[in-house]
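Commentary on secondary and tertiary structure
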Amino acid sequence: MRTTVPGGFAFFSGSALAAVVVLLLVAVGVRSEPVLSVVALVAVVDLVAVTSRAWAALATVVVCWCLHSGFVLGRLGDLTFTARSGHDALVLGGCALGAVLLVSTLRAASAPLHEDEHDENVPTIPRPRAPHVLTPAS
C-alpha cells in the first residue's frame, strides 16, 4: 500500500507552492484575469489532496484563498471580501472537497479487503518449513 506524505509537511509545501504561484502570476500581470489564479491554485490544492491527508488539503485552501484575495484581487495583502472573492472561495473549497472525496474513494478501493480476517472454511496451503541450517562444530 502506498504511504502518504505527512500532513504537516504537505500543508507547508502546498502553502509555499501557492505563494510562489501567486507571486509569479502577479508578476506576469494576472490581476486583470483572476480566473487564471484560481485555476492555478486549484491545481496546488489538488496536488496536496492527492499526496497527503484531507485536513492538509483543506488547510491549504484557506492559505490559497488568502493569497488570491490579498494579492490578486487586492493590493499588498489586504484581504478583499467581495462577491468575486466569495465566489472564488467557494470554487477553491468545492474543488478541494471533490479532490478529497475522489482520493479517499480511490484509496478505499485499492485497500485489500479482509486483510487480517481468517476464514476457517477456506482451505489453506501449509507453509513449507525452512530447513535447519547445520553449523559445523568447532
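Please read all numbers here as calculations on a predicted model, not as lab measurements. (Residues numbered from 1 in each chain as written. Predicted model: local features only at pLDDT ≥ 70, side-chain atom pairs only at ≥ 80, totals over all residues. Heavy atoms only, no water.)

1. Looking at the overall build of the protein
Rule in force here: Under the DSSP-based scheme used, a helix requires at least four consecutive residues in state H or I and a strand at least two consecutive residues in state E, with every element numbered from the N terminus. Summary of the burial criterion: residues with accessible area below 20% of their type's maximum are buried, those above 50% are exposed, and those between are partly exposed, where the area comes from a 1.4 Å probe applied to protein chains only. The contact criterion used is simple: two residues touch if any of their non-hydrogen atoms lie within 4.5 Å. The Shrake-Rupley method, run with a 1.4 Å probe, gives the accessible areas here. Residue values count only the displayed protein chains as cover.
Regarding its fold elements, the protein presents 4 helices and 0 strands. Its helices and strands in sequence order give the protein the pattern α-α-α-α, from N to C terminus. The buried share among the 138 residues of the protein stands at 28%. Partitioning the intrachain contacts of the protein with sequence separation of at least 6 by distance along the chain shows that 65% fall at a separation of at least 24. As presented, the protein carries roughly 9700 Å² of accessible surface, and 69% of it is formed by carbon and sulfur atoms.

2. Quick word on the nonpolar core
Spelled out, the test is: Residues grouped as a nonpolar core are buried Ala, Val, Leu, Ile, Met, Phe, Trp, Tyr and Cys residues, joined through side-chain atoms within 4.5 Å.
By size, the foremost hydrophobic cluster in this structure holds 17 residues, and its most contacted members are Ala18, Leu41, Cys64 and Leu92. Contributing elements (two or more residues each) for this core: helix H1 (7-28), helix H2 (34-51), helix H3 (54-73) and helix H4 (83-110). Excluding anything up to four places from it in sequence, Leu92 contacts Val38, Leu41, Val42, Val61, Cys64 and Trp65. Ala10, Val48, Ala56 and Ala99 belong to the second largest nonpolar core, which has 7 residues in total.

3. Overview of the environment of Ala56
Inspection of the secondary structure assignment puts Ala56 in helix H3. Ala56 gets classed as buried once you look at its relative accessible area, which sits at 0%. Between the C-alpha atom of Ala56 and that of Val5, which follows or precedes it by 51 residues, the distance is 9.9 Å.

4. Digging into H3
What counts is decided by this rule: One less than the number of residues in a helix, times 1.5 Å, gives the span that helix is expected to have.
Between its first and last C-alpha, H3 extends 27 Å over 20 residues, near the 28 Å set by a 1.5 Å rise per residue. For H3, the set of buried residues is Ala56, Ala57, Thr60, Val61, Cys64, Trp65, Leu67, His68, Ser69, Gly70 and Val72.

5. Structural notes on H4
Here H4 spans 40 Å end to end across 28 residues, near enough to the 40 Å set by a 1.5 Å rise per residue. Residues of H4 that are buried: Ser85, Asp88, Leu92, Ala96, Ala99, Val100 and Val103. Packing partners of the buried residues in H4 comprise H2 and H3.

6. Re the environment of Ala54
On the secondary structure map, Ala54 appears in helix H3. Its relative accessible area of 33% is what places Ala54 among the partly exposed residues. Spatially, the C-alpha atoms of Ala54 and Ala99 are 9.0 Å apart, while their sequence positions differ by 45 residues.

7. Points about the packing of aromatic side chains
Cut-off, in case you're wondering: Aromatic pairing here means that ring centres of Phe, Tyr or Trp (its six-membered ring) are within 6.5 Å. Orientation follows from the plane angle: under 30 degrees is stacked, over 60 is edge-to-face, and everything else is tilted.
A full pass over the atoms with the stated rule returns 1 aromatic pair. Look at Trp65 and Phe81: their rings are 5.7 Å apart centre to centre, the planes differ by 45 degrees, and that puts the pair in the tilted class. Here Trp65, found in helix H3, pairs with Phe81, found in the loop between H3 and H4; they are 16 residues apart in sequence, far enough to count as distant. Taking the relative accessible area as the measure of exposure, Trp65 reaches 15% and is therefore buried.

The analysis is restricted to geometry; functional conclusions fall outside its scope.
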